[in-house]
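# Notes for the structure review
Now for the letters of each chain:
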Amino acid sequence: MKNLWNDADAEKMVADYARKGVRRDLALRVYTTRLLGGEPRLVLHGGGNTSCKTRATDLVGDEWDVLCVKGSGWDMAVIEPQGLPAVKMGALLKARALDTLSDEDMVALQRSNLIDPASPNPSVETLLHAFLPLKFVDHTHSTAILAIVDQENSKALVKTVFGDKMGYVPYIKPGFELAKVAADVFDADPSVEGLILDKHGIFTFGDDARQAYDRMIHYVTIAEDYIAKNGKPQATKAALPAKLAKASDIAPTLRGAVAVARGEGRFDRMISDFRTSDAIVDFINSARIAELAGRGVSTPDLSIRIKTGPMAVPAPDADKLGDYKVAVRSHVEAFAKDYRAYFETNDALDDVKRTMLDPMPRLTLVPGLGMFGHGRTLKDAKIASDVGEMWIEAVRGAEAIGNFQPLSKADLFPLEYWSLEQAKLASNKPKPLTGQVALITGGAGAIGAATAKLFAANGAHAVIVDLDPAKAAEAAKAAGNNSIGVGADITSPAEVRAAFDKAVAVYGGVDILVSNAGAAWEGRIGEIDDALLRKSFELNFFAHQSAAQNAVRIMLEQGTGGVLLFNTSKQAINPGPKFGAYGLPKAATLFLSRQYALDYGAYGIRSNAVNADRIRSGLLTDAMIASRSGARGVSEKEYMSGNLLGQEVTADDVAQAFLHQALAERTTADVTTVDGGNIAAALR
Ligand SMILES: [Zn+2]
């Protein structure tokens, strides 16, 4: 592994932070923490921590010996000094004399000795850092080190690979007890330059930041070299079907299979992130992949991301996709059954009250194709994929030099169900549309953009489809929540298909369609140009049909229901003069909505429509408002609020109606009117 220390960079950081009043040792602590955090083979999504023993001054000017240690929630790659909260050393060191200390008391001890009470929680490995006397302590879950410690004979192997320079610590769950044992190992031989923690990772330390970092890179490189030199040829490959299906062919099926059924047709859905590379495919094509996946995670804290380990499914045959759907469902059921048994067996061992997490896999390995990370958000799904790549690397290394034998599931359980993690989960309530994907046509227009924003604020990922790709991207950015913009002419069935393919490629599927795009052409119906009427039907009817068809195709693959929402306008009910070219296809679209409700209700797919009127938008521009209000001899304000409530109706009001229809799980074939009240357009 390349050593990235650079004197000039280090000194620049020291100088930059000095101007902000940050001490030299803490600035260098930030510098090497970022070097470690930027390398996924060392540190991944919270899987590592660093510390520095220094001095800090409190609000009344008293100076204290403190441990600045990584705070939870901070990413080491971009850490700042405030991500390394200062904890008074005196109290931490005293704790070593205790016989026991519960996790809750350990957190309380750490928090009550913070210099700044607003700091994040110091790492769960804080005491281990404190008990080691050297000034700088670095800890990672290096994949090369894991390949060495995830072996049955790991103790002997650690000795062979590292000699006497590294202490060996048997596996103990992170926390007080591990900190004490690790400190005892150090005290038994203070000449060691680091500690290897069985089934877990590596600590190195030194008198200055550079020494601790150099030692980390040095010992990780020794592990890498050992694996490269002693690695045996790779395992036999499994036979693949002659014609492999594509990832997009199976993504909705898999996404549906891992959704958590809450009963009565209700689901907690997940996002799927597809990831592939030659290295990923080469590894998961092993004939033993299911067996290796079943052995578990390479280091225990991965369980928070991918539970007890990945799920392996068979390679998909493009000619047998129907059979494949059945196979995927049975693999997911088997995984969930094993998970439930794992929970029940281990939970029964003591009196601690725990809530079982959902039993669904978070990482699926598909030979021939790659892997899918699953999560309630795109971010979590991508983290699962990142973790999957490093799991593969550690297992490949372990198998090259021996036999991948990670922590047993019984030992993993207390970590996955660590009381503090459980408390965090209880406070982490998902939003109403978390895990759902909403595709919105006309997504950059006033109503589309307002709907995308509202849906994203309620947890959905929005796929904003618009004729103008730049505007679609802009609206996606404004909506937030990792939404995406897609440019498409929705009167082209091929472009509609491509937009849905994009949604499947990024998120794994679609749950909500907001079929919103439209445009109006004026003219008395008896005199209107036939081509214009047909053009209006293409956009205001057939484009809705083509979007709905694609949505239903994906929803049926998922098997978790879904909802189609159509913007049908007041014109569908109550024609306006010279507006036939617009109203006729909209009336057809209103009935299209009802037809979908009728034909697909049995599959849990709902279909609703919104009748909106007089909304300031691309369809009713400021210039049009000026001209129409002028023609009627009323002010623009009077024109826009010419309804029973006497108030202007906005795009946000329409977005609220769509949200209501998306959330109302027992509402289908509904038409919601959003026009401020218009008796002539009221539905019977
Ligand atoms: Zn650790």
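In what follows, the structure referred to is the one given above.
The following paragraphs examine the structure supplied in this document. All residue numbers refer to position in the chain's written sequence, counted from 1. Only residues with pLDDT of at least 70 are given local features in this predicted model, and only at 80 or more are side-chain atom pairs given and counted; all residues enter the totals for whole chains, interfaces and linings. Hydrogen atoms and water are omitted, and side-chain values are computed over all heavy atoms in the structure.

When DSSP finds at least two bridges between two strands, those strands are taken to pair. Note on conventions: DSSP H or I runs of at least 4 residues are helices, E runs of at least 2 residues are strands, and numbering of each starts at the N terminus. Strands sit in the order S16-S15-S14-S17-S18-S19-S20 across an open sheet of seven strands; the sheet is parallel. Lying at the two open borders of the sheet, with one neighbouring strand each, are strand S16 (484-487) and strand S20 (670-674). Direction aside, the axes of adjacent strands within the sheet are offset by 20 degrees on average. Pairing of strand S18 (residues 562-567) with strand S19 (residues 605-612) involves six bridges; the strand directions are parallel. To obtain each axis, a line is fitted to C-alpha atoms, and for helices this fit is confined to the stretch in contact; angles are then taken between N-to-C directions over 0 to 180 degrees.

For the rest of this paragraph, the subject is the packing of aromatic side chains. In this analysis, rings of Phe, Tyr and Trp, with Trp reduced to its six-membered ring, are considered paired at centre separations within 6.5 Å, and the interplanar angle assigns stacked below 30 degrees, edge-to-face beyond 60, and tilted for intermediate values. Within this structure, the stated rule accounts for 16 aromatic pairs. For the ring pair Tyr 339 and Tyr 342, a centre distance of 5.3 Å and an interplane angle of 50 degrees mean the geometry is tilted. Pair noted here: Tyr 339 and Tyr 342 are both in helix H14 (residues 321-347), with a separation of three residues, about one helical turn. For the pair Tyr 342 and Phe 413, a centre-to-centre distance of 5.5 Å together with 80 degrees between the ring planes defines the contact as edge-to-face. Here Phe 413 lies in helix H16 (residues 409-416) and Tyr 342 lies in helix H14, a separation of 71 residues in the sequence. Over the aromatic face of Phe 591 sits the side chain of Arg 594, whose NZ or CZ is 5.2 Å from the ring centroid. When the NZ atom of lysine or the CZ atom of arginine is within 6 Å of a ring's centre and also within 35 degrees of its normal, the charge is said to sit over that ring.

With that settled, consider the pattern of salt bridges. We count a salt bridge whenever a side-chain nitrogen from Lys or Arg sits within 4 Å of a carboxyl oxygen from Asp or Glu. Counted by the stated rule, this structure contains 44 salt bridges. The partner of Arg 210 in a salt bridge is Asp 214, and the shortest N-O contact between them spans 3.4 Å. Placement of both Arg 210 and Asp 214 in helix H9 (residues 209-230) is noted, with a separation of four residues, approximately one turn of the helix. Note that Glu 665 is salt-bridged to Arg 262, the shortest N-O span being 3.8 Å. Residue Glu 665 is found in the loop between helix H25 (651-663) and S20, and its partner Arg 262 is found in strand S8 (residues 260-263); the two are separated by 403 residues along the sequence. Only protein chains enter the accessibility calculation, which uses a 1.4 Å probe. A residue is then buried if its area is under 20% of the maximum for its type, exposed if over 50%, and partly exposed in between. Relative accessible area serves as the criterion here: at 32%, Glu 665 is assigned to the partly exposed category.

This paragraph deals with the packing of helix H20 (residues 493-507) against helix H21 (residues 530-558). Two elements in contact, H20 and H21, have axes whose closest approach is 9 Å; the angle formed by their N-to-C orientations is 35 degrees. In this structure, the crossing between H20 and H21 has a hand that is right-handed. Of the residues in H21, those in contact with Pro 493, Val 496, Arg 497, Phe 500, Asp 501 and Val 504 of H20 are Ser 546, Ala 547, Asn 550, Ala 551, Arg 553 and Ile 554. Partitioning the contact of H20 with H21 into residue classes produces seven nonpolar, two polar and three charged. For any helix crossing, the convention is left-handed if the near helix is rotated counterclockwise from the far helix by under a right angle, and right-handed if that rotation is clockwise. By the convention used here, residues are in contact when the closest approach between their heavy atoms is within 4.5 Å. Charged residues are taken to be Asp, Glu, Lys and Arg, nonpolar residues to be Ala, Val, Leu, Ile, Met, Phe, Trp, Tyr, Cys and Pro, and polar residues to be all remaining types, Gly included.

The next point concerns the nonpolar core. Nonpolar side chains in soluble globular proteins tend to be buried together. Put simply, a nonpolar core is a bunch of buried Ala, Val, Leu, Ile, Met, Phe, Trp, Tyr and Cys residues held in one set by side-chain atoms that sit within 4.5 Å of each other. By size, the foremost hydrophobic cluster in this structure holds 84 residues, and its most contacted members are Ile 145, Ile 148, Phe 162, Ile 196, Phe 283, Leu 365 and Trp 391. Every residue in contact with Phe 162, bar those within four places of it in the chain, is listed here: Ile 145, Ile 148, Ile 196, Tyr 219, Ile 222 and Ala 223. Listed in part, the 62 residues of the second largest apolar core include Ala 251, Val 486, Leu 533 and Val 671.

This part takes up the coordination of the zinc ion. Around the zinc ion, the protein supplies Glu 125 (OE), His 139 (NE2), His 141 (NE2) and His 200 (NE2) as donor atoms, at distances of 2.1 to 2.5 Å. Metal-coordinating donors are taken as N, O and S atoms lying within 2.8 Å of the metal, or within 3.2 Å when the metal is Na, K or Ca; because water is left out, some sites can appear incomplete. Here a site with four donors is tetrahedral if all angles are between 85 and 135 degrees, and a site with four or six donors is square planar or octahedral if opposite donors are over 155 degrees apart and the other angles are between 65 and 115; anything else gets the irregular label. Of note is the zinc ion, whose four donor atoms meet at the metal with angles of 81 to 166 degrees in an arrangement that counts as irregular. For the zinc ion, the donor residues sit on a single chain with the sequence spacing E-x13-H-x1-H-x58-H. A residue pair is termed long-range when its members are at least 10 positions apart, and His 141 in the loop between strand S4 (136-140) and helix H6 (143-149) and His 200 in the loop between strand S6 (194-197) and strand S7 (201-206) qualify at 59 residues. For the residue pair His 141 and His 200, the accessibility class agrees, reading buried in each case.

Time to look at the packing of H14 against H16. Closest axis-to-axis distance for the H14/H16 pair is 10 Å, and the angle between their directions is 80 degrees. The angle between H14 and H16 falls in the class roughly perpendicular. Contact residues: H14 offers Tyr 339, Tyr 342, Phe 343, Asn 346 and Asp 347, while H16 offers Lys 409, Ala 410, Leu 412, Phe 413 and Glu 416. Split into classes, the residues belonging to the contact of H14 with H16 amount to six nonpolar, one polar and three charged. Angle categories: roughly parallel below 35 degrees, roughly antiparallel above 145, roughly perpendicular from 65 to 115, and oblique for all the rest.

Every helix has an expected span of 1.5 Å times one less than the residues it contains. An ideal rise of 1.5 Å per residue puts 42 Å on 29 residues; H21 measures up with 41 Å between its terminal C-alpha atoms. The sharpest bend along H21 measures roughly 40 degrees and falls at Phe 542. Gly 559 sits one or two positions beyond H21 and adopts a positive phi of about 70 degrees. Take the seven residues that end at a residue and the seven that start at it, fit an axis to each, and the angle between those axes is the bend at that residue.

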